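Close look at the chain arrangement
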Amino acid sequence: MYLPPHDPHVDDPMRFKPLFRIHLMERKCATVECMYGHKGPHNGHIQIVKKDEFSTKCNQTDHHRMSGGRQEEFRTWLREEWGRTLEDIFHEHMQELILMKFIYTSQYDNCLTYRRIYLPPSSPDDLIQPGLFKGTYGSHGLEIVMLSFHGKKAKGTKITGDPNIPAGQQTVEIDLAHPLQLPDIENLRDFSELSRIVLEVQEQVRREEQEREQRQEEEEHSQQAASQPASPLGGEAAEGEEPAAGAEGTTQDKASASQPFVLPMGVISRNEDYPRACRICFYGTGLIAGHGFTSPERTPGVFVLFDDDRFGFIWLELKSFSLYSRIKVSFQNAQAPSREAFDEMLKNIQSLAT
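Keep in mind that this is a model prediction, so the values were computed, not measured.

Calculation notes
Residues numbered from 1 in each chain as written. Predicted model: local features only at pLDDT ≥ 70, side-chain atom pairs only at ≥ 80, totals over all residues. Heavy atoms only, no water. 1 Å grid on protein atoms, 1.4 Å probe; cavity = no way out; pocket = protein on both sides within 12 Å on 5 of 7 lines; lining within 4 Å. Points joined across faces, edges and corners; volume = space filled by probe spheres on them. Helix = DSSP H or I, 4+ residues; strand = E, 2+ residues; numbered from the N terminus. Domains from an automatic or database assignment. Buried area = accessible area lost by both parts, 1.4 Å probe. Salt bridge = Lys/Arg side-chain N within 4 Å of Asp/Glu carboxyl O. Expected span 1.5 Å × (residues − 1). Buried < 20%, exposed > 50% of the residue type's maximum accessible area, 1.4 Å probe, protein only. Arc of directions from axis to C-beta. Contact = heavy atoms within 4.5 Å. Lys, Arg positive; Asp, Glu negative; His and termini not counted. Polar contact = N/O pair within 3.5 Å; in protein donor to acceptor, adjacent residues only side chain to side chain. Pairing = 2+ DSSP bridges. Patch = residues over 30% accessible without salt bridge, like charges linked within 9 Å, V, L, I, M, F, W, Y side chains within 5 Å. Areas by Shrake-Rupley, 256 points an atom, 1.4 Å probe, with all protein chains shown as cover. Charge placed at Lys NZ, Arg CZ, Asp CG, Glu CD. Axes fitted to C-alpha atoms, helices over the stretch in contact; angles between N-to-C directions. Parallel < 35°, antiparallel > 145°, perpendicular 65-115°, else oblique. Nonpolar A, V, L, I, M, F, W, Y, C, P; charged D, E, K, R; others polar. Core = buried A, V, L, I, M, F, W, Y, C linked by side-chain atoms within 4.5 Å.

Quick word on empty space enclosed by the protein
Over the atoms rolls a probe the size of a water molecule, and in doing so it shows where empty space is left. Tallied over the entire structure, the rule returns one cavity of 30 Å³ or more. In this structure, the largest cavity is lined by 15 residues; those nearest its centre are L19, F20, C34, T56 and L112. Breaking the lining of the largest cavity down by element, the ones donating at least two residues are β4 (30-34), β5 (42-50), β6 (53-58) and β7 (111-115).

Some remarks on the domain arrangement of the chain
Each assigned domain of the chain is listed with its residue range as follows: domain 1 (2-115) and domain 2 (131-193 + 256-352). Regarding the contact of domain 1 and domain 2, the summed buried area is about 1800 Å², with carbon and sulfur atoms giving 66% of it. Along the contact surface separating domain 1 from domain 2 lie two salt bridges. One salt bridge connects D7 with R270, and the closest N-O pair in it is separated by 2.4 Å.

What about helix α2 (residues 92-106)?
The terminal C-alpha atoms of α2 lie 21 Å apart, and with 15 residues this matches the ideal 21 Å at 1.5 Å per residue to within 8%. All of the buried residues in α2 are M94, L97, I98, K101, F102 and S106. Looking straight down α2, one finds that the buried residues subtend no more than 150° of arc, so they occupy a single side. Of the surrounding secondary structure, the elements contacted by the buried residues of α2 are α1 (69-82) and β9 (142-150).

Here we look at α1
Side chains three or four residues apart in an α-helix point the same way, a direct result of the helix having 3.6 residues per turn. Compared with the 20 Å implied by 1.5 Å per residue over 14 residues, the 20 Å span of α1 between its first and last C-alpha is a close match. Those residues of α1 that sit buried are E73, F74, T76, W77, L78, E81 and W82. Those residues of α1 that are buried are in contact with β1 (2-3), β2 (15-16) and α2. Taken from the residues just after α1, G83 is the one with a positive phi, measuring 65°.

Points about the side chain of K101
Among the secondary structure elements, K101 is positioned in helix α2. Buried and unpaired, K101 has E143 as its nearest opposite-charge partner, separated by 4.3 Å. For K101, the side chain forms a polar contact with the main-chain oxygen of H140, separated by 3.2 Å. With near-sequence residues (within four places) excluded, K101 lies in contact with W77, W82, H140, E143, G161 and P163.

Looking at the pairing of strand β3 (residues 20-24)
Sheet faces and side chains relate simply in a regular strand, where the side chains alternate between the two faces. Here β3 runs beside β4; their pairing, made up of five bridges, is antiparallel. Across the sheet, the residue bridging to H23 is T31, located in β4. Hairpin connection, β3 to β4: the antiparallel pair is bridged by five residues, and R27 has positive phi, about 55°.

What to know about a negative patch on the surface
Together, E209, E213, E217, E218, E219 and E220 make up a negatively charged patch on the protein surface. Considering the arrangement of structural elements, one finds E219 in helix α4 (residues 191-225). The exposure class of E219 is partly exposed, given its relative accessible area of 30%.

Quick notes on a nonpolar patch on the surface
Residues Y2, F16 and F331 make up a contiguous nonpolar surface patch of about 320 Å² in total accessible area. Here F16 shows up in strand β2. Using a relative accessible area of 59% as the deciding quantity, one classes F16 as exposed.

Quick word on the packing of α1 against α2
How two helices sit against one another is set out by the angle between their axes and by the gap between those axes. In contact at an axis separation of 11 Å, α1 and α2 are set at 105° when each is read in the N-to-C sense. The orientation of α1 relative to α2 falls into the category roughly perpendicular. Facing α1, whose interface residues are R70, E73, F74, W77, L78 and W82, α2 presents M94, I98, L99, K101, F102, T105 and S106. Its residues assigned to classes, the contact of α1 with α2 comprises eight nonpolar, two polar and three charged.

Some words on the nonpolar core
L180, F261, V302, I314 and F321 are the most contacted members of the largest nonpolar core, which totals 26 residues. Listed by contribution, the elements that provide at least two residues to this core are α4, β15 (280-290), β16 (294-305) and β18 (320-326). Counting residues per element, this core draws most heavily on α4, at six residues. What I314 contacts, discounting residues up to four positions off in sequence, is L194, F261, L263, P264, V267, P300, G301, V302, S320 and F321. Within the second largest apolar cluster, 20 residues are counted, among which are V145, L176, F282 and I288.

Dropping the structure here:
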């Protein structure tokens, strides 16, 4: 298991924890040992369910328990996973969220299912190299997000989740067709000014989507009325593509420059050591929900590209800032065989989460 560093140190390396091991014997026999818990290796079982999926089961779950009961297990988990004690956490709401995460994760420690995850394919036109990133999520701590590019959109998909937003969900979506021009550094400190800029772009995006839907309806009506179906590459569709291509080229040029950056007053950040200069910003949306993924909704925000290995997201409605740092672990044989295979994997892990 690859665990993120302790909150909020996103630039620290990942931590490694063995979960099981297999001893290969003669005549294709093997023994399986569960490595979970604090009492050493013990008997386990592995079952291959189907292609790219297998399950592990512990046959001696008493090895996972501690003599001091759940309270000792919770305190040990808190030290290992969060690098702190319960006495260090003064905020009652944070204590509640951490306890929920402990209960949620510990109930599955005896039987786990593993599914293959592909790393996102890259293109020379991508803003930065796609891949896995560690990100700050307020009282939930650090979580792992996969950044991938899909034409005029970039997606941040949760690989690890929390009691509000589970793994597999699209935590942020970046609209690469709508770069944001931030105000000067003094005006940027004013949250209302940043909010005004973002909401104006949100309204612009809404109008463009309405116009696009209207054009599609008109094209469908005209195709039904015409004796010959219109060519999918003709006329309006081709013209609509050209300005977007020009906009993307402009975006790449802007991304090479640098501008001062500071968080607006009132925006909460777990990590105050964020970069004070950024390359470019885009309009985006972030997914928020209640406990148990109730009432999920996409809310407006700002994607901030700092450099090749770090980016941030300002959650406008939450007045919160997430900082993301690239995971620099080399995973072998993790490349997707095709773009289609990667897209299919994204759909599958999202369907599992819902």
